[in-house]
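What the coordinates show
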Amino acid sequence: MSANAVAETIVTETVARVLITPKRLGVLTSGGDAPGMNAAVRAVVRAGINRGAEVFAIYEGYQGMIDGGDRIRPMGWNDVGGILQRGGTVIGTARCQEFRTRDGRRVAVRNLVMRGIDCLIAIGGDGSLTGADLLRREWPELLQELVERGEISPEQAARHGFLALAGLVGSIDNDMLGTDMTIGADTALHRITNAVDALTSTAASHQRAFVVEVMGRRCGYLAVMSALATGAEWVLIPESPPERDDWESEMAEVLREGLRMGRRDNIVIVAEGAQDRHGNPITCTYVRQVLEDRLGEDVRITVLGHVQRGGSPSAYDRILSTIMGVEAVDAVLTARPEIEPYMIGIQDNRLIRQPLITCVAKTLEINRAIQSGDFVKAMQMRGRGFQEAFRILRKLVGAMPQPARPGQRRLRLAILHGGGPAPGMNATVRAAVRLAVDKGYQPLGVMRGFRGLINNDIRELGWMSVTGWAPMGGAELGTSRKVPADRDLYAIARALEENQIDALLMVGGWSGYTAAHALVQARRTFPSFNIPIVCIPATINNNVPAADFSIGADTALNSITEVVDKIKQSAVASNRVFVVEVMGRYCGYLALLSALATGAERAYLHEEGVRLHDLEQDIELLTDGFQHGKRLGLMIRNENANPLYTTQFLAALFEEEGGDLFDVRISVLGHLQQGGDPQPFDRILATRMASRAVEFIDQVCSQPEAEAPAVCIGHVGGELRFTPLDDVIRMSDERFQRPKQQWWMNLRPIARMMARQEVAAQAAVEVAEEVSEDVDSVV
């Protein structure tokens, strides 16, 4: 046989092997369920298929791995359709004592090898991931035992010589080191926040106190963040027990003082693992008894329990689970025996791979620190974000601010909004006012944004002025998109002088930033503008530079997601395609992220533009899908994606080309995206930004410079940073009012992959072509 014939034979056999016997990977969910697990399973299945692998779901966790049979099933693209928005885990989870034994794990290995599975993605908590790593470490020995027992052949053992493993943390407790957020934690925080908001209204009606127990085991994340989001009056967590032995007296005094000042309700949040410094548990029952005895008021207990775990996942959990699932697939398909398995996490708003067993070990180390009474170490290991949130919370829960220092100058801080309303504006103002008062400042509220500065509509605010503002939507101070013209600057300068304003805090969006910059540019003409100016981003469009996230964007995203979930139920019942128009102006953040969170087939963005060729592909995708049993179609369009291809045009085009296969409906969501109470993410972000802004103003006012700073605070790369306002303007695409660089556009390939199955076949062909080229070069 000639060399060319040999080469052709090698190529043919190799390509056939790639196309016919691809890698096989299994995915399981184990331990307690968490909202977002289904989104992760969906992402693993579709990314695996896209990468040319065969994916198997292992039902009922490790129990299904041992049972084998139909508990280990191959999954196709459409098998995970419609599960993105579902709570729990559709492939089940179960406790499995048998897996704790070596014999049980040997049975599990046999069941995997018999199906050709040697890649595993485990979704669960620290116990589940520890079990998966133990299986990986024992894998070679268990293979040898199975060969000796005649249960598998030596060839099978050789083909599957090691187990490639990746872990995703599915836990509402958010207690795993190595990731800022775990799958399900954001949704659990939504459940707690909604419950406490409801309890607050009934508590205020009857002048009652409520003691609320939240989950978290040995982690106080849910307790701290829900207290920060809801404005609770007291919180008890495992990592930082009360410092005084008579903490009951301190708690009762703070709550009593609040009632004296006119507050009608008291909310105390207790983490289920709370304890005092001597290791004695602090229970809800005990806290209720203390409050009844010392306050003499009616106290109720609410144990939220498993409601925190259930229900549809939040938009954040759906997106987080999706991108983590894709990363996990890439990790296992490129794994090598000598590399430790990874846990996929997110830090500083970026996906990371960390050694799995190291993360588990550090998590267990925190638990040991709490049990041994080393609370300083426990708090340090929780990370800077947790420590900062707890520090801010301790300032905000007081009934009264700290008294001013002797001889302290009482700085006057003006707070105003700029741009459209955004959920979370009130939470920002509440935190800024209380933290400013706590430093001895006099906060001033400017009504209706820069229009209020022009009209000198300015009012003094106090500690109790902002009571109950944390959960409120809208903007109690009012806002407007007014950008001062040259003729308005004199009136603003007079208002600043007459009110003796020492610093300006602007909470808003693009118009607010532009207005603040106008004041900075006019400083030479108006010296009263030479004061510290801090801008806090608050816009649902998420379109201001130097900030990964704007206050209000998460709430708007969840509002869109909830509505689209309902639209999908309507569409699937009647073979419909919906074209949904969302806000964002010229920024596609809401369109793309809502497409990821809802499983839309297409997101039309102004950043990418819309071409006729794109529309032809979309029509082909829809018609082919409905011809093969598809029951709904979902296309999401940014309101300014294209001036010609409008929402109405797209709907008419799809209607005409769809014929009798489907009909088309339009849904323009409009201003509901700006309304509603802020979600916990926005409330917490608002509070953290307000805290940093007040600290910055305090620092620069104590050490004044010739030219006062004008800066914008933003959540960039996982931390809060200050960027000069001049630099922010240079980072802007002023024509389209958005940043020149937008981090979230990196998610576009994942959104495409999750929506379009045909990419999978193309991926397999590309792999085969690469193998063919490699063989050619070798020959």
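This text follows the structure it describes.
Residues numbered from 1 in each chain as written. Predicted model: local features only at pLDDT ≥ 70, side-chain atom pairs only at ≥ 80, totals over all residues. Heavy atoms only, no water.

This paragraph deals with the overall build of the protein. From N to C terminus, the protein includes 26 helices and 24 strands. For 779 residues, the compact-globule estimate of 2.2 N^0.38 gives 28 Å, and the C-alpha radius of gyration of the protein, at 29 Å, lies within 12% of that figure. Its C-alpha atoms give the protein principal-axis dimensions of about 95 × 65 × 50 Å. For the protein, the proportion of its 779 residues judged to be buried stands at 60%. Sequence separation of at least 24 residues holds for 79% of the intrachain contacts in the protein that already meet a minimum separation of 6. Carbon and sulfur atoms provide 48% of the accessible area of the protein, an area that totals close to 30700 Å². The distance from the centre of the 83 positive side-chain charges to the centre of the 96 negative ones in the protein is 4 Å. (Helix = DSSP H or I, 4+ residues; strand = E, 2+ residues; numbered from the N terminus. Rg over C-alpha atoms; globule rule 2.2 N^0.38 Å. Buried < 20%, exposed > 50% of the residue type's maximum accessible area, 1.4 Å probe, protein only. Contact = heavy atoms within 4.5 Å. Areas by Shrake-Rupley, 256 points an atom, 1.4 Å probe, with all protein chains shown as cover. Lys, Arg positive; Asp, Glu negative; His and termini not counted. Charge placed at Lys NZ, Arg CZ, Asp CG, Glu CD.)

Here we take up the pairing of strand β4 (residues 119–124). Most of β4 sits out of view: 6 of its 6 residues are buried. Side-chain alternation along β4 places Cys-119, Ile-121 and Ile-123 on one buried face and Leu-120, Ala-122 and Gly-124 on a second face that is also buried. Sheet analysis places strand β1 (residues 24–29) next to β4, joined by 5 bridges and oriented parallel. The residue bridging Leu-28 from the neighbouring strand is Ala-122, located in β4. (Pairing = 2+ DSSP bridges.)

At their nearest, the axes of helix α7 (residues 185–206) and helix α23 (residues 680–702) sit 9 Å apart, and the two run at 85° to each other. The angle between α7 and α23 places the two elements in the roughly perpendicular class. Of the residues in α23, those touching α7 at Asp-186, Leu-189, His-190, Thr-193 and Asp-197 are Pro-680, Phe-681, Arg-683 and Ile-684. When its residues are assigned to classes, the contact of α7 with α23 shows 4 nonpolar, 2 polar and 3 charged. (Axes fitted to C-alpha atoms, helices over the stretch in contact; angles between N-to-C directions. Parallel < 35°, antiparallel > 145°, perpendicular 65-115°, else oblique. Nonpolar A, V, L, I, M, F, W, Y, C, P; charged D, E, K, R; others polar.)

The subject of this paragraph is the pattern of salt bridges. Throughout the structure, instances matching the rule amount to 51 salt bridges. Among the ionic pairs, Asp-103 bridges to Arg-106, the shortest N-O distance being 2.9 Å. Taken as a pair, Asp-103 and Arg-106 lie in helix α4 (residues 102–114) at a separation of 3 residues, close to a single helical turn. The exposure class of Arg-106 is buried, given its relative accessible area of 11%. Two residues, Glu-243 and Arg-394, come together in a salt bridge whose shortest N-O distance is 3.6 Å. You can see Glu-243 sitting in the loop between β7 (234–236) and α9 (247–260) and its partner Arg-394 sitting in helix α14 (residues 384–396), a full 151 residues away along the chain. Relative accessible area serves as the criterion here: at 47%, Arg-394 is assigned to the partly exposed category. Sharing partners across several salt bridges, the network here consists of Arg-102, Asp-103, Arg-105, Arg-106, Glu-138, Glu-141 and Glu-145. (Salt bridge = Lys/Arg side-chain N within 4 Å of Asp/Glu carboxyl O.)

It is worth spelling out the nonpolar core at this point. Residues Ile-121 and Tyr-589 are the most contacted members of the largest nonpolar core, which totals 154 residues. With sequence-adjacent residues up to four places away left out, Ile-121 is seen in contact with Leu-25, Gly-26, Val-27, Leu-28, Val-44, Ala-166, Leu-168, Ala-328, Val-329 and Val-332. Among the nonpolar cores identified, the runner-up in size contains 35 residues, and Leu-453, Ile-458, Val-520 and Phe-529 belong to it. (Core = buried A, V, L, I, M, F, W, Y, C linked by side-chain atoms within 4.5 Å.)

Following the sequence through the fold, Arg-692 ends up in helix α23. Of the residues examined, Arg-692 reaches a relative accessible area of 25% and is grouped as partly exposed. Sequence spacing of Arg-692 and Asn-558 is 134 residues, and the spatial spacing of their C-alpha atoms is 26 Å. Sequence-distant contacts of Arg-692, defined by excluding residues within four places in its chain, comprise Glu-388, Ile-713, Leu-720 and Phe-722. Looking at Arg-692, its side chain comes within polar contact range of the main-chain oxygen of Leu-720, at 3.5 Å. (Polar contact = N/O pair within 3.5 Å; in protein donor to acceptor, adjacent residues only side chain to side chain.)

Pairing in this open sheet of 4 strands is parallel, and the strands run β18-β19-β17-β20 from one edge to the other. Every other strand in the sheet has two partners, leaving β18 (602–604) and β20 (663–668) as the edge strands with one partner each. The sheet shows a mean angle of 20° between the axes of neighbouring strands, taken without regard to direction. On top of the sheet, helix α19 (residues 553–572) reaches β17 (576–582), β19 (632–638) and β20; it is set at about 165° to β17, its chief contact.

Position of Arg-683 among the secondary structure elements: in helix α23. Accessibility expressed as a relative area gives 1% for Arg-683, which makes it buried. Polar contacts involving the side chain of Arg-683 include one to the main-chain carbonyl oxygen of Ala-229, which spans 3.0 Å. The residues touching Arg-683, leaving out its near neighbours within four places in the chain, are Thr-193, Asp-197, Ala-229, Thr-230, Ala-427, Ala-470, Pro-471, Asp-677 and Pro-678.

When the terminal C-alpha atoms of helix α5 (residues 126–148) are compared, their 33 Å separation across 23 residues agrees well with the 33 Å that a helix rising 1.5 Å per residue should span. Once α5 ends, the next one or two residues include Gly-150, with phi positive near 75°. (Expected span 1.5 Å × (residues − 1).)

We now examine unusual backbone geometry. Here the phi dihedral of Asn-575 falls at roughly 50°; this positive angle occurs in a residue that is not glycine. In this structure, Asn-575 sits in the loop between α19 and β17. With a phi close to 50°, Gln-737 is a non-glycine residue in the positive phi region. Tracing the sequence through the fold places Gln-737 in the loop between β23 (732–733) and β24 (738–739).

Positionally, Ser-128 belongs in helix α5. Separated by 96 residues in the primary sequence, Ser-128 and Gly-32 have C-alpha atoms spaced 9.4 Å apart.

Once that is clear, we can look at the sheet that holds strand β14 (residues 458–460). Pairing between the strands of a sheet is mediated by backbone hydrogen bonds and can be parallel or antiparallel. One open sheet holds the 7 strands; their spatial order is β14-β13-β12-β15-β16-β21-β22, and the pairing between them is mixed. The open sheet terminates on both sides in strands that have one partner only, identified here as β14 and β22 (719–724). Each adjacent strand pair in this sheet contributes to an overall mean axis angle of 25°, direction not counted. Pairing of strand β12 (residues 412–418) with strand β15 (residues 503–508) involves 6 bridges; the strand directions are parallel. What sits directly across from Leu-413, in β15, is Ala-503. The sheet strands contacting helix α18 (residues 510–521) are β12, β15, β16 (533–537) and β21 (710–716), and the helix crosses β16 at an angle near 170°.

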